[in-house]
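Examination of the molecular architecture
Given next are the chains, with one letter for each unit.
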Amino acid sequence: MEVEQWEREGLVQYEEDETLIMEEVETEGEPEQDAVVAPPDTEVSKEGSPEMPAEVRPLIQRYKEVFPRELPSGLPPLRGIEHHIDLVPGSVLPNRPAYRSDPTATKELQSQIEELMSKGFVRESLSPCAVPALLVPKKDGTWRMCLDSRAINNITIKYRFPIPRLDDMLDELSGAMIFSKIDLRQGYHQVRIREGDEWKTAFKTKHGLYEWLVMPFGLSNAPSTFMRLMTEVLRPCLGKFAVVYFDDILVYSSRGLRVDRDKVAAIQSWPTPKNGQHKLSHRHAKWVEYLQSFTFSNKYKEGKQNVVADALSRRHSLLSTMGTRVLGFEFMKEMYKKDPDFSEEWITQFEGHRIPGNKYLLQDGFLFQGNKLCVPRGSYRDLLIREIHSGGLGGHFGVQKTLDILQEQFHWPKMMGDLTPSFIAEK
């Protein structure tokens, strides 16, 4: 096999303490600038990207097989965790026609398929079922091949490997001071399809029928399989100095940072002000003199004893989390103006009117009811329900539990009506 040949030639090494599975989930192909550390001979880019620190180079050079410029072609090794596709007994196999496309898109789609075949990820198929393939635009203006796998997903038995909850991972980081983030590259393509299940991944284009030998995007249970693999590979590290959420690995340390002694000495040598009170009124000067007779210290008060500051920090934390997790979150501000549920309250707060007893307020352009973010009608509500019910924030809870988690941080009218059992089942 090609993998065995690579091992003999020393091109790859699969050791438990040195292997990383590289992937870029958002955009396949070339990684983002901060996703993968380049080899030590990398030059400074034309855009002015900083050169790799000298302290890091020996470490990267030592483990250079972990950071290759190009991943090797061919199937990944069997790691004991393959993607299973178990169909509901008695289901009718789907056979969807290929989507229509213009000649340019057809040529691009076939080019990507041929590239996948050259890498050994895809092969021609004689499967009795098939779903259509299509192209979707990426951020950089190029195209990504995707599969409309809804038909096969509808008859696939769902498995529920636990997805980490965000609040649990944040608890693990308590006390940490130093952080390093790693984005993986092509991780899904490092997971093999279980032997005998390849025909269930078949997809169709104008030029033929093909099937996957590695795990593609869009299949039901694919996130669970990938999370299971990442947990198994990083098990010795989890809870000690690393947390993992799909393709994101965060390495942390609780060791403190060393201060610059010269700067500390400069602060200590500052002269004591002697003429400050001459600029104060006699009354203020007397108060300053009186207060200087006391020793003060700053202490954080939680809960009801510190309602204003605590609420402010909670709202700021929620906005920061949503800004990093929800694509286009800033556009929510524009939706308040015409939203049937919140437009009146938003305009009132925006114009600076204060109504006694009103629990609504604006922070950074977002409308809050107390500490709860008001969510206007539209896709944002659906996204939150999906994420909390079956995504990384919740872990497949029922209607009541999903509602309880939503109501902790979000608010909109008739929330329970959006969480009917049938809606949850569809998600």
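Residues numbered from 1 in each chain as written. Predicted model: local features only at pLDDT ≥ 70, side-chain atom pairs only at ≥ 80, totals over all residues. Heavy atoms only, no water.

1. Things to note about the sheet that holds strand β2 (residues 131-137)
The 5 strands lie next to each other as β1-β6-β5-β2-β3, forming an open sheet whose pairing is mixed. The sheet is open, and its two edges are formed by β1 (122-124) and β3 (143-147), each paired on a single side. Adjacent strand axes in the sheet meet at a mean angle of 40 degrees when their direction is disregarded. Both strand β5 (residues 203-205) and strand β6 (residues 208-212) contribute to a ladder of 3 bridges, which runs antiparallel. Paired with phenylalanine 203 across the strands is tyrosine 210, a residue of β6. In this fold helix α3 (residues 103-119) packs onto β1, β2, β3, β5 and β6, with an angle of close to 75 degrees to the strand it touches most, β3. (Pairing = 2+ DSSP bridges. Helix = DSSP H or I, 4+ residues; strand = E, 2+ residues; numbered from the N terminus. Axes fitted to C-alpha atoms, helices over the stretch in contact; angles between N-to-C directions. Contact = heavy atoms within 4.5 Å.)

2. What to know about the pairing of β6
Note that β1 and β6 share 3 bridges and pair antiparallel. If you follow valine 122 over to β6, its bridge partner there is tryptophan 212. With antiparallel pairing between neighbouring strands as the criterion, β5 and β6 make up a hairpin whose turn holds 2 residues.

3. A word on the sheet that holds strand β11 (residues 372-374)
If you trace the 4 strands from one edge of the open sheet to the other, you get β9-β10-β11-β12, paired in mixed fashion. Taken across any chain shown, the strands that pair with only one partner, and hence form the sheet edges, are β9 (360-363) and β12 (410-411). Taken together, the 2 bridges between β11 and β12 define a ladder with parallel strand orientation. In the strand pairing of β12, cysteine 374 is matched with histidine 411. Lying over the sheet, helix α11 (residues 343-350) contacts β9 and β10 (366-369), oriented at roughly 65 degrees with respect to β9.

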